[in-house]
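For reference, the chains in residue letters:
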Amino acid sequence: MAGRKSVRRTAARTPLTREAIAEAALALIDAEGLEALSMRKLGAALGVEAMALYHHFRNKGELLDAVMERLIDEAELPERGAMAPLERIRRFIESYRQIAISHPQAFILLTYRRFNTERTFELYEQFLEALADAGYEPALAARYFRLLGYYVGGAGMADIASRAAQPDATPVSLEHFTQGKRYPRVAAVAPHLRLANLDAIFEFGLDVIFDAMRNAAPRR
């Protein structure tokens, strides 16, 4: 309840713009979950009637696209030339995963909704530009584009589950596994799968992927 009041108080002082509405929608999702978002509830949080939101977004789908844009703004793709192309891409993937940790209730939007806006296509273009700078032809760039998307999307969702940050989460048994006699192999690896090891596991996966990418890059 305190989180809900905080969203309402903060948003009510904010001028009604597309950006402010998306920010308030994200705050509501963070506080109450994606299923709690409705135009009526968001309007109440902003201190306006729901119909006022339709002057800025034709429907809830457009609003969710705007929330997606707000989320991807938290991912960092360093400027072209700031570092080697593959290092730029790795930095982006690492920061993209952090969105799942910062916004566990909203991250699912990035995994099941398509990117269809100008802002998201700008991001596509910059990401694919980095792959082109690394020397990949379009067909191979497309495969690595998908591979990295699959990896970071899945890793983000696994992070959320491992942190029991999803709605109606149950305790994570692997954190303190006690059924070693029944499941000895699970017990053997459980200490290595705990929350404290998630960053290292994620980076290990990136090492495997980026080693393969470097080996597949054209020799220059």
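Residues numbered from 1 in each chain as written. Predicted model: local features only at pLDDT ≥ 70, side-chain atom pairs only at ≥ 80, totals over all residues. Heavy atoms only, no water.

(A) The arrangement of the overall build of the protein chain in detail. Scanning the protein chain from N- to C-terminus turns up 11 helices and zero strands. Tracing the protein chain from N to C terminus, the helices and strands come up as α-α-α-α-α-α-α-α-α-α-α. Dimensions of the protein chain, computed from C-alpha atoms along their principal axes, come out at roughly 55 × 55 × 25 Å. Residues counted as buried form 37% of the 220 residues belonging to the protein chain. Considering only contacts in the protein chain between residues 6 or more positions apart, those separated by 24 or more positions represent 69%. Within the structure as shown, the protein chain displays about 12,700 Å² of accessible surface, and the carbon and sulfur contribution to it stands at 54%. Seen as two clouds, the 29 positive and the 28 negative side-chain charges of the protein chain have centres 7 Å apart. (Helix = DSSP H or I, 4+ residues; strand = E, 2+ residues; numbered from the N terminus. Buried < 20%, exposed > 50% of the residue type's maximum accessible area, 1.4 Å probe, protein only. Contact = heavy atoms within 4.5 Å. Areas by Shrake-Rupley, 256 points an atom, 1.4 Å probe, with all protein chains shown as cover. Lys, Arg positive; Asp, Glu negative; His and termini not counted. Charge placed at Lys NZ, Arg CZ, Asp CG, Glu CD.)

(B) A look at helix H8 (residues 118–133). Taking 1.5 Å as the rise per residue, H8 with 16 residues should run 22 Å; its terminal C-alpha atoms sit 22 Å apart, in good agreement. Along H8, the positions that sit buried rather than exposed are Thr120, Leu123, Tyr124, Phe127, Ala130 and Leu131. With its buried residues spanning 125° around the axis, H8 presents them on a single face. Exposed and oriented more than 90 degrees from the buried face of H8 are Glu118 and Glu125. (Expected span 1.5 Å × (residues − 1). Arc of directions from axis to C-beta.)

(C) Looking closely at the confidence of the model for the protein chain. For the protein chain, the average pLDDT comes to 92, and 93% of its residues sit at 70 or higher. When mean pLDDT is compared element by element in the protein chain, helix H6 (residues 85–102) scores highest at 98, while helix H1 (residues 2–12) scores lowest at 50. (pLDDT = per-residue confidence, 0-100.)

(D) Structural view of the packing of H6 against helix H9 (residues 138–162). Running from amino to carboxyl end, H6 crosses H9 at an angle of 30°, the nearest separation of the two axes being 8 Å. Judged by the inter-axis angle, H6 sits roughly parallel to H9. Like other packed secondary-structure pairs, H6 and H9 cross with a definite hand, here right-handed. Residues Ile89, Ile93, Tyr96, Arg97 and Ala100 of H6 form the contact with H9, whose participating residues are Leu148, Val152, Gly156, Asp159 and Ile160. (Axes fitted to C-alpha atoms, helices over the stretch in contact; angles between N-to-C directions. Parallel < 35°, antiparallel > 145°, perpendicular 65-115°, else oblique. Left-handed = near helix turned anticlockwise from the far one by under 90°.)

(E) Representation of the side chain of Arg90. By the secondary structure assignment, Arg90 is in helix H6. Arg90 has contacts with Glu203, Leu206, Asp207 and Phe210, leaving out every residue within four places of it along the chain.

(F) Inspection of the pattern of salt bridges at higher detail. The full count for this structure, using the stated rule, is 16 salt bridges. Two residues, Glu32 and Lys41, come together in a salt bridge whose shortest N-O distance is 3.3 Å. As a salt-bridge pair, Asp159 and Arg97 come within 2.6 Å of each other at their nearest N and O atoms. Here Asp159 is found in helix H9, whereas its partner Arg97 is found in helix H6, with 62 residues between them in sequence. You can call Asp159 buried: its relative accessible area is 5%. Residue classification places Arg97 among the buried positions, given a relative accessible area of 3%. (Salt bridge = Lys/Arg side-chain N within 4 Å of Asp/Glu carboxyl O.)

(G) Summary view of the packing of aromatic side chains. The full count for this structure, using the stated rule, is 10 aromatic pairs. Measuring from ring centre to ring centre gives 5.1 Å for Tyr124 and Phe145, while their planes differ by 75°; the resulting arrangement is edge-to-face. Of this pair, Tyr124 sits in helix H8 while Phe145 sits in helix H9, and the two are 21 residues apart along the sequence. Like Tyr124, the residue Phe145 is buried in the burial classification. Among the aromatic side chains, those forming a connected cluster through ring pairs are Phe92, Tyr96, Phe107, Phe115, Phe121, Tyr124, Phe127 and Phe145. The cationic tip of Arg97 hangs over the ring face of Phe202; the distance from NZ or CZ to the ring centre is 4.7 Å. (Phe/Tyr/Trp six-rings, centres within 6.5 Å; stacked < 30°, edge-to-face > 60°. Lys NZ or Arg CZ within 6 Å of the ring centre and 35° of its normal.)

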